[in-house]
Amino acid sequence: MKYTIYLDNVAATPLHPEVKNVMIDYLNSEFSFGNPVSQHHVGDYAAEALEKARAEVARLINAHPQEVLFTSGGTESINHAVKGVAFARRDRGKHIVTSNVEHNAVLGTLRMLRARGYQLTSLPVDHHGMVDPGDVKKAIRDDTILVSIMHANSEIGTIEPIRDITKITRERNIPFHCDAVASTGVIPVDVEDLGIDLLSFSANQYGGPSGVGGLYVRPKTQIIPLLHGGSQESNRRGGTHNMVGIVGMGKAAELAREEMPERIEHLHTLKQALLNGLQSMEEILINGHPTESLPHLVSASVKYVEGESITLMLDQEGVCISTRSACASGSLRASHVLLSIGLDHATAQGTLIFTVGMATTPHDITRSIEVLEKTVAFLRNMSPLYRRKAAN
Amino acid sequence: MYSEKVLDHFNNPRNIGKIENPDGVGEVGNPVCGDMMTITVKVKDDRIDDIKFETFGCGAAIAVSSMVTEMAKGKTLDEAMQITNESVAEALEGLPKNKLHCSNLGADALHKAIMDYYSRKEGKPRLQEEKLEHLGRPDEHCYCPYCDLDVPDEAPYCSNCGKPTIIHDHPH
């Protein structure tokens, strides 16, 4: 078997070994099956573990434990936040402001709302992928009931100016939802400092398990549940808790908070090595903001070649990366994020996303660049676009 | 995900390149869709004497290009026109369902090259090489990527060809 070099951490990170141990210990415990809302000592065991995890997660984002809901992941949190506020506030208006580079969980939900009479203003971004807070101010109307702008973009890494945006939304008393799935647990995310009312995040971005996430809701925010019918989470999110996942998420949050500065340094060093390697190759464009960017993500457009053919060849050598080419994403269209930052379709189709992780080594980077160079040469050799350009 | 046959053609593609002074040129697809194929042929005694391809596209597209040129080489023009997208996919021992549209380019490019040869033979002016960056669809409609028809908003499938993949693209 080829040695695996995993550079797709934005899809999901490997479990931190201590997180894995805590989850296994919980599974091995006598009352691992306990339901936290039960009224006996088996339920109490689970309830205690639940609140312990909740406290750690809240601490990670500088919130109070009662302000944090556990969900099944980032997508549920986003759906809950956007639909929950849109429906709760629909008597005040039906206008929502967002950006052109949001994750499909946000855009898909907003599209559904638009089909049901809500109005959207989706703000453009500059070629780095940055939203202009001035545009947010201009877009807000008297009937605006929600603004949803992501913290860090999971395709190009750009970090949006959230503080400047929430200054505006707070002034106008409009709830601000932030898709912070790609950033929470990786870089500091403080709901007070950033002025956020609703924050969506996911455990699998920082060493926790997939299938569990959280939604922070600022007190007094008007919102209705997404999952009705259960008293769990103080009647805000029905459904029996995924205790093993939540226990893992709590431990992952604790470690992420404690280790964050060292992790950021480790990731950034590897990112820089990757950038150096890419920049030594011909006709590779690096996307996203040069400084306001996730420490572990590199978006690189390889001209004249399509993305899935690159990921397939790299995968055969053990290197795992991601692309949003039409063929790879199944949507048959180029990524809306890449088109929004001004890439032409062909360049967008050849764009790769590398996300390094805590398990990544400098040798992994060297080897990946080596494989990429061979791959790109091989594919460019058969590309009509490259041949045509070479002929001119 | 891909069969061994597909991976073989992807890793060891046959007939890469461009024939100098070709007898026929067939180009299909465009970078906007993420798949583009150019096939050039040399014809002798009504047979495909030599054939080469250049492809910008995914693993399936590259495998299809390689396979279609391998299938067409040495065949008579009539036999080559009988090669279909389905027969190419079959020769590759199947493609994943979501990659079938990639396979559509292979036989189309081959046929276009042969038709171009016929046009040239009849003294018709050479078909212009299609512009690389065509305008693409205005990003306003939901449409079926297989038969290129507009479909009603949020329709789960195309009422013309029945395929379930619908592009829902609205201005934001």
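Every residue gets a number counted from 1 within its own chain, in the order that chain's sequence is written. Key to labels: chains lettered from A, ligands numbered from 1, both in the order written. Under the rules for a predicted model, residues below a pLDDT of 70 receive no local features and side-chain atom pairs below 80 are neither given nor counted, while totals for whole chains, interfaces and linings still include all residues.

## Brief notes about the overall build of chain B
Piece 1. Note on conventions: DSSP H or I runs of at least 4 residues are helices, E runs of at least 2 residues are strands, and numbering of each starts at the N terminus. Scanning chain B for helices and strands turns up five helices and three strands.
Piece 2. Put simply, chain B runs from its N terminus to its C terminus through helices and strands in the order α-β-β-β-α-α-α-α.
Piece 3. Three classes are used. A residue is buried when 20 or more other C-beta atoms lie within 10 Å of its own, exposed when 12 or fewer do, and partly exposed in between, with C-beta atoms placed from the backbone. Within chain B, buried positions represent 42% of all 172 residues.
Piece 4. Working definition of a contact: two residues with C-beta atoms, positioned from the backbone, lying within 7 Å. Taking the intrachain contacts of chain B between residues at least 6 apart in sequence as the baseline, contacts between residues at least 24 apart amount to 56%.

## Section: the domain arrangement of chain A
Residue and element names in this part refer to chain A.
Piece 1. What the domain assignment lists for chain A is domain 1 (5–12 + 260–391) and domain 2 (17–256).
Piece 2. By convention here, the domain bounds are inherited from an automatic or database domain assignment. The C-alpha-based centres of domain 1 and domain 2 are spaced at 28 Å.
Piece 3. Facing the 22 residues of domain 1 at the interface are 24 residues of domain 2.
Piece 4. Each residue gets one of three labels, nonpolar for Ala, Val, Leu, Ile, Met, Phe, Trp, Tyr, Cys and Pro, charged for Asp, Glu, Lys and Arg, and polar for the others, Gly among them. Residues belonging to the side of domain 1 that touches domain 2 are distributed by class as follows: ten nonpolar, ten polar and two charged.

## A look at the nonpolar core
Piece 1. What we call a nonpolar core is a set of buried Ala, Val, Leu, Ile, Met, Phe, Trp, Tyr and Cys residues whose membership is set by joining through C-beta atoms within 7 Å. Ranked by size, the top nonpolar core spans 154 residues in total, and within it B:V64 and B:L110 carry the most contacts.
Piece 2. The element best represented in this core is helix 9 (residues 243–279) of chain A, accounting for twelve residues.
Piece 3. The contact partners of B:V64, leaving out residues within four places of it in the chain, are B:V88, B:L92, B:C102, B:S103, B:L105 and B:G106.

## Details of helix 1 (residues 4–11) of chain B
Piece 1. Inspection of helix 1 of chain B places B:V6, B:H9 and B:F10 among the buried residues, and these make up the whole buried set. Looking straight down helix 1 of chain B, one finds that the buried residues subtend no more than 105 degrees of arc, so they occupy a single side.
Piece 2. Buried residues along helix 1 of chain B sit in contact with helix 10 (307–316) of chain A together with helix 2 (59–72) of chain B. Our arc is simply the arc of the directions from the helix axis toward the C-beta atoms.

## A short note on unusual backbone geometry
Most peptide bonds take the trans form, and the phi angle of most residues other than glycine is negative.
Piece 1. Backbone geometry at A:Y304 places phi at a positive 75 degrees, although glycine is not the residue there.
Piece 2. Tracing the chain through its elements places A:Y304 in the loop between strand 10 (297–302) and helix 10.
Piece 3. Overall, A:Y304 belongs to the buried group, with 21 C-beta atoms counted inside 10 Å.
Piece 4. The backbone of B:D45 sits at a positive phi, close to 50 degrees, despite the residue not being glycine.
Piece 5. Along the chain, B:D45 falls in the loop between strand 2 (35–44) and strand 3 (47–56).

## Some words on the sheet that holds strand 1 (residues 24–30) of chain B
Residue and element names in this part refer to chain B.
Piece 1. On the basis of which strands lie adjacent, the open sheet formed by three strands has the order 1-2-3 and antiparallel pairing. A single partner strand is all that each edge strand has here, and the edge strands are strand 1 and strand 3. The average undirected angle you get between the axes of adjacent strands in this sheet is 15 degrees.
Piece 2. The pairing criterion is simple: DSSP has to find at least two bridges between the two strands. As defined by bridge partners, strand 2 adjoins strand 3 across nine bridges and the pair is classed as antiparallel. Within strand 3, the residue paired with K44 across the bridge is R47. Angular values range over 0 to 180 degrees, each being the angle between N-to-C directions of two axes fitted as lines to C-alpha atoms, with helices fitted over their stretch in contact.

## Quick word on the confidence of the model for chain B
Fine structural detail should not be taken from predicted coordinates in areas where pLDDT scores are low.
Residues and elements named next belong to chain B.
Piece 1. Residue-level pLDDT values for chain B average 79, and 72% of them are 70 or greater.
Piece 2. Confidence of the predictor in every single residue is expressed as pLDDT, which spans 0 to 100. Considering only residues more than four positions removed or in separate chains, one finds that residues 129–143, a stretch of pLDDT under 50, has 26 contacts.
Piece 3. As a predicted assembly, this complex carries a pTM of 0.89 together with an ipTM value of 0.88.

## Here we look at the packing of helix 9 of chain A against helix 14 (residues 362–381) of chain A
Residues and elements named next belong to chain A.
Piece 1. Across the interface, helix 9 lies against helix 14 with an axial gap of 10 Å and an inter-helix angle of 20 degrees. Judged on the interaxial angle alone, helix 14 and helix 9 are roughly parallel. Considering how the two elements wind past one another, helix 9 and helix 14 form a crossing that is right-handed. Of the residues in helix 14, those touching helix 9 at L270, A273, L274 and G277 are P362, I365 and I369.
Piece 2. Its residues assigned to classes, the contact of helix 9 with helix 14 shows six nonpolar, one polar and no charged. Each angle receives one of four descriptions, namely roughly parallel if under 35 degrees, roughly antiparallel if over 145, roughly perpendicular if within 65 to 115, and oblique otherwise. Here is the rule for handedness: rotate from the far helix to the near one, and if that takes an anticlockwise turn smaller than a right angle the crossing is left-handed, while a clockwise turn gives right-handed.

## Here we look at the pairing of strand 1 of chain B
Residue and element names in this part refer to chain B.
Piece 1. The element strand 1 is largely enclosed, with a buried count of six among its seven residues.
Piece 2. Summarising the sheet, strand 1 and strand 2 pair through seven bridges and their orientation is antiparallel. Looking at the pairing, N30 lines up with D35 of strand 2.
Piece 3. Hairpin connection from strand 1 to strand 2: four residues lie between these consecutive antiparallel strands, with G34 at a positive phi of about 90 degrees.

## Examining the sheet that holds strand 2 (residues 68–71) of chain A
All names here are of chain A.
Piece 1. Sheet architecture is open: seven strands sit in the order 2-8-7-6-5-3-4, paired in mixed fashion. Of all the strands in the sheet, the pair left with one neighbour each is strand 2 and strand 4 (119–123). Pairs of neighbouring strands in the sheet enclose a mean axial angle of 20 degrees, with direction left out of account.
Piece 2. Pairing between strand 5 (residues 144–148) and strand 6 (residues 176–179): two bridges, direction parallel. Opposite V147, over in strand 6, you have F176 as the bridge partner.
Piece 3. Its contacts with the sheet put helix 2 (residues 41–61) on strand 2, strand 7 (198–202) and strand 8 (213–217), and the angle it makes with strand 2 is roughly 115 degrees.

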